[in-house]
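Okay, here's what each chain looks like letter by letter:
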Amino acid sequence: MSATEVELRSQPETWQQAIDLLGQVSEQLPAPGERVLVVGAGTSWFMAIAYAKLREAAGQGVTDALTPTEVSPAREYDRVIALSRSGTTSEIIDVLKNLQGTPSVLITAVADGPAAEHADSEIVLDFADETSVVQTRFATSALALLRASLGEDLTGAIADARTVLDREIEQSWVDAEQISFLGSGWTKGLADEAGLKMREASQSWTESYYAMEYRHGPIAIAEPGRITYQFGPAPEGLAEQTEQAGSTFVESGMDPLAQLVAVHLWAVRRAEAKGLDPDAPRNLTRAVHLH
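Given the structure is predicted, the values throughout are model-derived calculations rather than measurements. (Residues numbered from 1 in each chain as written. Predicted model: local features only at pLDDT ≥ 70, side-chain atom pairs only at ≥ 80, totals over all residues. Heavy atoms only, no water.)

1. Re the overall build of the chain
- A count of helical and extended segments in the chain gives 10 helices and 9 strands.
- Against the compact-globule benchmark of 19 Å for 291 residues, the chain has a radius of gyration of 18 Å, which places it among compact chains.
- Seen along its three principal axes, the alpha-carbon backbone of the chain occupies a region of about 55 × 40 × 35 Å.
- Within the chain, buried positions represent 57% of all 291 residues.
- Relative to all contacts within the chain whose residues are 6 or more apart in sequence, the contacts with residues 24 or more apart total 71%.
- For the chain, the computed accessible surface area is about 12,000 Å², with 49% contributed by carbon and sulfur atoms.
- Across the chain, 22 positive and 42 negative side-chain charges occur, with their mean positions spaced 3 Å apart. (Helix = DSSP H or I, 4+ residues; strand = E, 2+ residues; numbered from the N terminus. Rg over C-alpha atoms; globule rule 2.2 N^0.38 Å. Buried < 20%, exposed > 50% of the residue type's maximum accessible area, 1.4 Å probe, protein only. Contact = heavy atoms within 4.5 Å. Areas by Shrake-Rupley, 256 points an atom, 1.4 Å probe, with all protein chains shown as cover. Lys, Arg positive; Asp, Glu negative; His and termini not counted. Charge placed at Lys NZ, Arg CZ, Asp CG, Glu CD.)

Structure, rendered in structure tokens:
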């Protein structure tokens, strides 16, 4: 079993550890009504998008989720959350430097890293750290913590994650020529992350879209041997229209974060089927350092 698979299989446990930590760190997270910026690069950015949509939907205040290079100096915030597994990502360090004076918290897996020097506080999920290049459990554990901070009960999500990990991936999914991931609201961030995971681990052709936008052009690529995978409930009629085009439409009643765990395992199986090492994805390193 690859290190990536070992780590992704621990997610139900690391989610629970993150939730259990909430009581100790809740004061470091945004209060209702605060205007918040959440920044992250790559996988962390997609988790930021999911949290931002959830926080706004919960009525807790305006929440922007941006990749670090796209932060606008024209916007002001009451609090900044920075997500960085290693705490060494160059762009995250630059944002925290530039926004000093705005209360900030770094959520990381490694304590006292270079980014921590420029944040007012840090929340360390060291139990979710990874040796893998391809992120799985740190990112989802951070999102589990943030979801719990909004008052969500993740008992069902954890149970769903255990269920998907007890199943094997269908061979037709492993063999699929192309995969489109769809989401709405907060699950669009998960769809983007699913596409990234599949590309990173298995060099697969994947795309991601808002579910309602899939009809506006992308459905043109739907055909037999391809899969359209929906996070959360699908818009009415979309499954039927996609399947009429010949693509397999996958929809689940499970918590969308558990669906992402299934994609993690799916990506590993596709990598293995192609003779690739999921622990050594092409052209990637564990953290990006530009300086």
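2. Section: the nonpolar core
- Among the nonpolar cores identified, the biggest contains 69 residues, and I81, I107, F181, Y229 and W266 are the most heavily contacted of them.
- Ranked by residues supplied to this core, first place goes to helix α10 (residues 256–273) with 10 residues.
- Beyond its immediate sequence surroundings of up to four residues, F181 is in contact with A191, A194, G195, M198, T206, E207, S208, Y209, Y229, F231, V263 and W266.
- Counting 13 residues, the second-largest nonpolar core is a separate cluster that includes V39, V80, L106 and A115. (Core = buried A, V, L, I, M, F, W, Y, C linked by side-chain atoms within 4.5 Å.)

3. Observations regarding the environment of L150
- For L150, the position within the fold is in the loop between α5 (137–149) and α6 (155–165).
- Owing to a relative accessible area of 14%, L150 belongs among the buried residues under this scheme.
- Each C-alpha atom of the pair L150 and E213 lies 28 Å from the other, and the pair is 63 residues apart in sequence.
- Contact partners of L150, with chain neighbours within four places excluded, come to Y51, L54, R55 and Q60.

4. A closer look at the pairing of strand β8 (residues 226–230)
- For β8, the tally of buried residues reaches 5 of 5 residues, placing the bulk of the element in the interior.
- Burial of β8 is two-sided: the residues R226, T228 and Q230 facing one way and the residues I227 and Y229 facing the other way are all buried.
- By the bridge criterion, 5 bridges tie strand β6 (residues 178–183) to β8 in an arrangement that is parallel. Residue pairing across strands places L182 opposite Q230, the latter belonging to β8.
- The pairing of β8 with strand β9 (residues 248–250) spans 3 bridges and is classified as parallel. Note on β9: the bridge partner recorded for Y229 is V250.
- With helix α9 (residues 238–244) bridging β8 and the parallel β9, this β-α-β connection has right-handed handedness. (Pairing = 2+ DSSP bridges. Right-handed = clockwise from strand over helix to strand, strands pointing away.)

5. Details of the UniProt feature "domain: SIS" (unreviewed entry) in the chain
- The positions UniProt marks with the feature "domain: SIS" (unreviewed entry) are residues 25–162.
- Segment residues 25–162 splits into 33% helix and 17% strand. End C-alpha atoms: 26 Å apart. (UniProt positions renumbered as here; feature names shortened; annotations may be inferred.)

6. Things to note about α10
- Given a rise of 1.5 Å per residue, 18 residues ought to cover 26 Å, and the 25 Å separating the end C-alpha atoms of α10 matches this to within 8%.
- Most of α10 is tucked away: 16 of the 18 residues are buried.
- One side-chain oxygen of the residue at the start of α10 lies 2.9 Å from the amide nitrogen of L257, identifying that residue as D255.
- Looking at the residues trailing α10, positive phi occurs at G275, about 80°. (Expected span 1.5 Å × (residues − 1). Polar contact = N/O pair within 3.5 Å; in protein donor to acceptor, adjacent residues only side chain to side chain.)

7. A look at the environment of G225
- The residue G225 is located in the loop between β7 (206–210) and β8 in this model.
- Sequence separation of G225 and S247 is 22 residues, and the distance between their C-alpha atoms is 6.6 Å.

8. Points about the domain arrangement of the chain
- In terms of domains, the chain is made up of domain 1 (3–152) and domain 2 (155–274).
- The C-alpha-based centres of domain 1 and domain 2 are spaced at 24 Å.
- Taken together, the contact between domain 1 and domain 2 spans 24 residues of the former and 26 residues of the latter.
- With both sides pooled, the region where domain 1 packs onto domain 2 buries about 2,100 Å², and carbon together with sulfur makes up 71% of that total.
- Linking domain 1 to domain 2 there are 3 salt bridges.
- Taking the shortest distance from any N to any O, the salt bridge between E5 and R269 comes out at 2.9 Å.
- Taken together, the connections running from domain 1 to domain 2 amount to 8 residue pairs in polar contact (both at pLDDT 80 or more).
- Those elements giving two or more residues to the side of domain 1 that touches domain 2 turn out to be α1 (3–8), α2 (11–25), α3 (43–57) and α5.
- Residues belonging to the side of domain 1 that touches domain 2 are distributed by class as follows: 11 nonpolar, 8 polar and 5 charged. (Domains from an automatic or database assignment. Buried area = accessible area lost by both parts, 1.4 Å probe. Salt bridge = Lys/Arg side-chain N within 4 Å of Asp/Glu carboxyl O. Nonpolar A, V, L, I, M, F, W, Y, C, P; charged D, E, K, R; others polar.)

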